[in-house]
There are 2 protein chains.
Amino acid sequence: MTSVRAPRRRLEPDERREQILRCAIRLFGERPYAAVSTTEIAAEAGVARGLVNHYFGTKRELYLVVVRQMLRVPSSAATALPRGSLRTRVQASVDWFLDSVSPHARTWVAVIGTEGVGSDPDVEAILAEADEVAVDHVLAAVGLDGTAAGHEQRRAMIRAYGAMVKAATREWSVRGTLSRDELRLLLTQSLVSLVRDTFPHLPK
Amino acid sequence: MTSVRAPRRRLEPDERREQILRCAIRLFGERPYAAVSTTEIAAEAGVARGLVNHYFGTKRELYLVVVRQMLRVPSSAATALPRGSLRTRVQASVDWFLDSVSPHARTWVAVIGTEGVGSDPDVEAILAEADEVAVDHVLAAVGLDGTAAGHEQRRAMIRAYGAMVKAATREWSVRGTLSRDELRLLLTQSLVSLVRDTFPHLPK
DNA sequence: CAAGTTGTTGACGCCGCGCCAATAGCGTCC
DNA sequence: GGACGCTATTGGCGCGGCGTCAACAACTTG
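This one's a predicted model, so the numbers in the text were calculated from it and none came from an experiment. (Residues numbered from 1 in each chain as written. Chains lettered and ligands numbered in written order. Predicted model: local features only at pLDDT ≥ 70, side-chain atom pairs only at ≥ 80, totals over all residues. Heavy atoms only, no water.)

So, the packing of helix H5 (residues 86-101) of chain A against helix H8 (residues 151-175) of chain A
All names here are of chain A.
Next, step 1: For the pair H5 and H8, interaxial distance at closest approach is 13 Å and the crossing angle is 50°. The orientation of H5 with respect to H8, classified from their angle, is oblique. For the crossing formed where H5 meets H8, the hand is right-handed. Taken together, the residues of H8 that come into contact with H5 (itself represented by Val-94, Phe-97 and Val-101) are Tyr-161, Val-165, Thr-169 and Trp-172.
Next, step 2: Here the residues of the contact of H5 with H8 sort into six nonpolar, one polar and no charged. (Axes fitted to C-alpha atoms, helices over the stretch in contact; angles between N-to-C directions. Helix = DSSP H or I, 4+ residues; strand = E, 2+ residues; numbered from the N terminus. Parallel < 35°, antiparallel > 145°, perpendicular 65-115°, else oblique. Left-handed = near helix turned anticlockwise from the far one by under 90°. Contact = heavy atoms within 4.5 Å. Nonpolar A, V, L, I, M, F, W, Y, C, P; charged D, E, K, R; others polar.)

Set out below in structure tokens:
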């Protein structure tokens, strides 16, 4: 059985690049970095391995592009926030988050999943940047985006809250141990408590 | 400059194994998996590379041992919990956690740090196991370890709370954006709120 | 001091990665 | 429509990391 190799086809750089990227996203999504070879990615894309290096330089650089790409999900900017009590506004933000993350929840969780020892500084930088954007959203939602006192502490606490959001979303979408309503309750309650009960104790 | 190679010394298996393991822990702690070679580990331990495989089989298996090892920190079992209000008991547990994690906080944080896309199932299993133990501690601390109603939901929410604990501890020990007192406040307040305000809404 | 035990070594084969010169699609111009 | 040039694409080279295994030597035992 002599496999007829498909005739070599020439594509626009952007097109080819994106095609390879799609394959890489899928493979890196199912297995850890070290368990995915560029050979495999190239084969998946029906392309010579050298081409992967041509477009992305290094396996590591390709990986970073993948991470960046998968975080470019929740950019659909702010919907108008309702006026009302703190709880009302928080509730609305939580709902917005749940709605926008629902379609690709599992993928989103995979990106920010833990892998363990020895974190990569570059990867962390990318995740950190995404976190800052998320913090800005939350601050705007609770109406504290203009305040200067205890600024850093507030941001730090919201980053921590963000970690809980990720973990809880994971419980819901991957493990199925929480219903969507329970997740909604947890996220709302916690953020309200954070703003109402914890923030006031920070240095003025 | 002919380097005088140290005379070959023969050690007890346990001893040698532990020595190699120490080096591996240090190296995997500072760089991601793929950036650490077994050659490097062996060199660090002043030993032939083959010996690493002899004791740990595969690089990957060695890595798993490292992860397991670094999580074997907080096993110093329950100190007696004080009687008193929910807040008092939670406060005591948080203090206990902070005290026991303080000495090696940075290392501890490194273990549970995120690395991104494509999580390793084996690593996750280890982390998950450690999480369950932590959940048991928390449940005991808040005095809910006997309850059966809404059991899974409660555990899931506490796992999510645990993620916040990790992130907040990281803010304190690595980034320095929170003081220890602020961290203590955040952890206490959040857990109290979780038990007092969120749990009651779960199905009976 | 000889023989056995076993911790330890060094090299072999394989495979993945980064690089680069050669090759061949595809548009262009006469 | 055929020759030409541009560049997307290939395939192979060299290097280095990983797993294996037979040989070696440190230490023990009689």
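Alright, that's what it looks like, and here's the rest.
Description of the interface of chain B and chain A
Next, step 1: With 52 residues of chain B at the contact, the number on the chain A side is 52 residues.
Next, step 2: Buried surface at the junction of chain B and chain A, both sides included, amounts to about 4300 Å², of which 62% is carbon and sulfur.
Next, step 3: At the boundary of chain B and chain A, one finds four salt bridges.
Next, step 4: Where Glu-124 of chain A meets Arg-170 of chain B, a salt bridge forms, and the shortest distance between an N and an O atom there is 2.6 Å.
Next, step 5: Summed over the shared surface of chain B and chain A, the number is nine residue pairs in polar contact (both at pLDDT 80 or more).
Next, step 6: Elements with a contribution of two residues or more to the side of chain B that touches chain A: helix H1 (13-30), helix H4 (59-71), helix H6 (105-111), helix H7 (121-142), helix H8 (151-175) and helix H9 (180-198) of chain B.
Next, step 7: No other element matches the 14 residues that H8 of chain B contributes to the side of chain B that touches chain A.
Next, step 8: Tallied by class, residues from the side of chain B that touches chain A come to 28 nonpolar, twelve polar and twelve charged. (Buried area = accessible area lost by both parts, 1.4 Å probe. Salt bridge = Lys/Arg side-chain N within 4 Å of Asp/Glu carboxyl O. Polar contact = N/O pair within 3.5 Å; in protein donor to acceptor, adjacent residues only side chain to side chain.)

Remarks on the protein's contact with DNA strand D
Next, step 1: Lining the immediate environment of DNA strand D, one finds 24 residues, of which Arg-8 and Tyr-55 of chain A together with Arg-10, Thr-38 and Arg-49 of chain B sit closest.
Next, step 2: Put simply, 66% of the atoms of DNA strand D that lie within 4 Å of the protein are in sugar or phosphate.
Next, step 3: Taking Arg-9 of chain A, its main chain carries an N or O atom lying 3.4 Å from a phosphate oxygen of DNA strand D.
Next, step 4: Here a phosphate oxygen of DNA strand D and a side-chain polar atom of Thr-58 of chain B are 3.1 Å apart.
Next, step 5: Looking at the surface near DNA strand D, the element that brings in the most residues is helix H3 (residues 49-56) of chain A, giving five residues.
Next, step 6: Counted by class, the surface near DNA strand D contains seven nonpolar, seven polar and ten charged residues. (Near = heavy atom within 4 Å.)

Focus: the relation of the copies chain B and chain A
Note that the two copies of the chain are related through a rotation about an axis and a translation along the same axis.
Next, step 1: Mapping chain B onto chain A calls for a rotation angle of 180° and an axial translation of 0.0 Å; the resulting RMSD is 0.2 Å. Considering both components of the superposition, the chain copies are consistent with a two-fold axis.
Next, step 2: Of all interface residues in chain B, 100% are interface residues in chain A too; the two copies therefore contact each other through one and the same surface. (Least-squares fit on C-alpha atoms with pLDDT ≥ 70 in both.)

Some details on the environment of Ala-149 of chain A
Next, step 1: With respect to the helices and strands, Ala-149 of chain A occurs in the loop between helix H7 (121-142) and H8.
Next, step 2: Sequence-wise, Ala-149 of chain A and Leu-27 of chain A are 122 residues apart; in three dimensions their C-alpha atoms are separated by 45 Å.

Structural notes on helix H2 (residues 38-45) of chain A
One turn of the α-helix equals 3.6 residues, which is why residues spaced by three or four share an orientation.
All names here are of chain A.
Next, step 1: Within the span of H2, buried status applies to Thr-38, Ile-41, Ala-42 and Ala-45. Burial along H2 is one-sided: seen end-on, the buried residues are contained in an arc of 95°.
Next, step 2: Packed against the buried residues of H2 are helix H1 (13-30), H3 and helix H4 (59-71). (Buried < 20%, exposed > 50% of the residue type's maximum accessible area, 1.4 Å probe, protein only. Arc of directions from axis to C-beta.)

Section: the protein's contact with DNA strand C
Next, step 1: Close to DNA strand C lie 25 residues; Arg-10, Thr-38 and Arg-49 of chain A together with Leu-11 and Arg-16 of chain B are nearest.
Next, step 2: Sugar plus phosphate: this is where 63% of the atoms of DNA strand C within 4 Å of the protein reside.
Next, step 3: Looking at the surface near DNA strand C, the elements with two or more residues in it are H2 and H3 of chain A together with H1 and helix H3 (49-56) of chain B.
Next, step 4: For the surface near DNA strand C, the element with the highest residue contribution is H3 of chain B, accounting for five residues.
Next, step 5: Residues belonging to the surface near DNA strand C are distributed by class as follows: seven nonpolar, eight polar and ten charged.

Notes on the pattern of salt bridges
Next, step 1: Evaluated as defined, the whole model comprises 26 salt bridges over all chains.
Next, step 2: Between Asp-99 of chain B and Arg-180 of chain B there is a salt bridge; the shortest N-O distance is 2.7 Å. Residue Asp-99 of chain B is located in helix H5 (residues 86-101), and its partner Arg-180 of chain B is located in helix H9; the two are separated by 81 residues in the primary sequence.
Next, step 3: Among the salt bridges present, the one from Glu-132 of chain B reaches Arg-159 of chain B, with a minimum N-O distance of 3.1 Å. You can see Glu-132 of chain B sitting in helix H7 and its partner Arg-159 of chain B sitting in helix H8, a full 27 residues away along the chain.
Next, step 4: Relative accessible area serves as the criterion here: at 24%, Glu-132 of chain B is assigned to the partly exposed category.
Next, step 5: The exposure class of Arg-159 of chain B is buried, given its relative accessible area of 9%.
Next, step 6: Within the structure, one salt-bridge network assembled from shared partners comprises Glu-132, Asp-136, Arg-155 and Arg-159 of chain A together with Glu-171 and Arg-175 of chain B.

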